[in-house]
Amino acid sequence: MAIRTILHYPDKRLREPGKPVTEFGPQLAKLVEDMAETMYAAPGVGLAAPQIGESVRVFVIDVATAEDAPSDLRVFVNPEIVERQGVQCWEEGCLSFPGVHEEIERAERVKVTARTVTGEAFELEADGLLAVAIQHENDHLDGKLMVDHLGLIRRRLVHRAMVKRGPQLAAE
Ligand code: NI
């Protein structure tokens, strides 16, 4: 396993849509392990493959953030959100936007279909933070970022803050 470098906005690679996974072999297993390790080390509740420069449709989520909570690692390969219901608002962060937190409106409940790391199809219904995380990470697979959900002024402010922050250090 390895902790990978997380790309920061406005890195252009974050805008590339991910390709569907076609091989469920050891290479995918290794990628998922690296993603989980990178997410936990950050720490964050979700990480999508394009955030570490891998342009494929894979994301990992663990919303069990309480210190004594057991791990709840969920892996989504080739996910599709097939149903969205209701509205909820959360203050979201993103590992590609260090220090940025913005209120974003999302569906309250989602139904998602995806495959496991070994290729088995599954379906999941989620609400609350898990539903927010699924929608946020799924956006990454389409090259869509949290700023795209903001109004023009907030978007400019975040953009300027991130550009001012300067290029990321290789060690980050
Ligand atoms: Ni993100």
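Residues numbered from 1 in each chain as written. Predicted model: local features only at pLDDT ≥ 70, side-chain atom pairs only at ≥ 80, totals over all residues. Heavy atoms only, no water.

A. Fine view of helix 2 (residues 128-141). Look at helix 2: 21 Å from first C-alpha to last across 14 residues, which is about the 20 Å you get at 1.5 Å a residue. Across the 14 residues of helix 2, twelve count as buried, placing the element largely inside the fold. Here helix 2 has its buried residues at L130, A131, V132, A133, I134, Q135, H136, E137, N138, D139, H140 and L141. With its phi angle positive at about 75°, G143 sits one or two positions after the end of helix 2. (Helix = DSSP H or I, 4+ residues; strand = E, 2+ residues; numbered from the N terminus. Expected span 1.5 Å × (residues − 1). Buried < 20%, exposed > 50% of the residue type's maximum accessible area, 1.4 Å probe, protein only.)

B. Quick look at the coordination of the nickel ion. The nickel ion binds to the protein through C94 (SG), H136 (NE2) and H140 (NE2), with metal-donor distances spanning 2.1 to 2.2 Å. Taken in chain order, the donor set of the nickel ion reads C-x41-H-x3-H. Highlighted residues: C94 in the loop between strand 4 (88-92) and strand 5 (102-106) and H140 in helix 2, separated in sequence by 46 residues. (Donors = N, O, S within 2.8 Å, 3.2 Å for Na, K, Ca; no water.)

C. Highlighting the pairing of strand 3 (residues 74-85). The pairing of strand 2 (residues 58-61) with strand 3 spans four bridges and is classified as antiparallel. Residue I61 lies in a different strand from strand 3, and its bridge partner there is R74. With six bridges joining them, strand 3 and strand 6 (residues 109-115) adopt antiparallel strand pairing. Across the sheet, V77 pairs through a bridge with R115, a residue of strand 6. (Pairing = 2+ DSSP bridges.)

D. Here's a closer look at the nonpolar core. Membership of the largest hydrophobic core comes to 16 residues, with the highest contact counts inside it found for F59, I61, F76, V110 and I134. Sorting the residues of this core by element identifies strand 2, strand 3, strand 6, strand 7 (121-127) and helix 2 as the ones contributing at least two each. With five residues, helix 2 is the single largest residue contributor to this core. Apart from residues no more than four positions distant in its own chain, V110 is found in contact with I81, E83, R84, L124, E125, A126, A131, I134 and Q135. (Core = buried A, V, L, I, M, F, W, Y, C linked by side-chain atoms within 4.5 Å. Contact = heavy atoms within 4.5 Å.)

E. Here's a closer look at the sheet that holds strand 2. Spatially, 1-2-3-6-7 is the arrangement adopted by the five strands of the open sheet, whose pairing is antiparallel. Only two strands of the sheet have a single partner each, and these edge strands are strand 1 (46-48) and strand 7. For this sheet, the mean inter-axis angle between neighbouring strands, taken without regard to orientation, is 40°. The sheet contacts of helix 1 (residues 26-41) involve strand 1, strand 2 and strand 3, and relative to strand 2 the element is tilted by about 40°. Contacts from helix 2 reach strand 1, strand 2, strand 3, strand 6 and strand 7 within the one sheet, and its direction differs from that of strand 2 by about 155°. (Axes fitted to C-alpha atoms, helices over the stretch in contact; angles between N-to-C directions.)

F. Spotlight on helix 3 (residues 152-165). Between its first and last C-alpha atoms helix 3 spans 20 Å; for 14 residues at 1.5 Å apiece the expected length is 20 Å, and the two agree. Of the residues one or two after helix 3, G166 is the one with positive phi, at around 85°.

G. Here's a closer look at a nonpolar patch on the surface. A cluster of nonpolar side chains, L152, I153 and L157, forms an exposed patch at the surface whose accessible area comes to about 360 Å². Structurally, L152 is set in helix 3. Judged by relative accessible area, L152 falls into the exposed class, the value being 66%. (Patch = residues over 30% accessible without salt bridge, like charges linked within 9 Å, V, L, I, M, F, W, Y side chains within 5 Å. Areas by Shrake-Rupley, 256 points an atom, 1.4 Å probe, with all protein chains shown as cover. Salt bridge = Lys/Arg side-chain N within 4 Å of Asp/Glu carboxyl O.)

H. How the structure looks around the packing of aromatic side chains. Per the stated rule, a full pass over the model turns up three aromatic pairs. Residues Y9 and F97 carry aromatic rings whose centres are separated by 4.8 Å and whose planes lie at 25° to one another, so their mutual orientation is stacked. One end of the pair, Y9, is in the segment before helix 1; the other, F97, is in the loop between strand 4 and strand 5, with 88 residues separating them in the sequence. F97 shares its class with Y9; the two are buried. Here the aromatic residues F59, F76 and F122 are joined through ring pairs into a cluster of three or more. (Phe/Tyr/Trp six-rings, centres within 6.5 Å; stacked < 30°, edge-to-face > 60°.)

I. Looking closely at the layout of surface pockets. In this model, the largest pocket occupies a volume close to 530 Å³. Along the wall of the largest pocket there are 29 residues; nearest its centre are P43, G44, G93, C94 and L95. Only helix 1, strand 4 and helix 2 provide two or more residues apiece to the lining of the largest pocket. With five residues, helix 2 is the single largest residue contributor to the lining of the largest pocket. In this model, the second largest pocket occupies a volume close to 280 Å³. Every residue along the wall of the second largest pocket is listed here: P20, V21, T22, E23, G25, P26, Q27, L28, K30, L31, E54 and V56. Of the residues assigned to the lining of the second largest pocket, the class counts are six nonpolar, three polar and three charged. (1 Å grid on protein atoms, 1.4 Å probe; cavity = no way out; pocket = protein on both sides within 12 Å on 5 of 7 lines; lining within 4 Å. Points joined across faces, edges and corners; volume = space filled by probe spheres on them. Nonpolar A, V, L, I, M, F, W, Y, C, P; charged D, E, K, R; others polar.)

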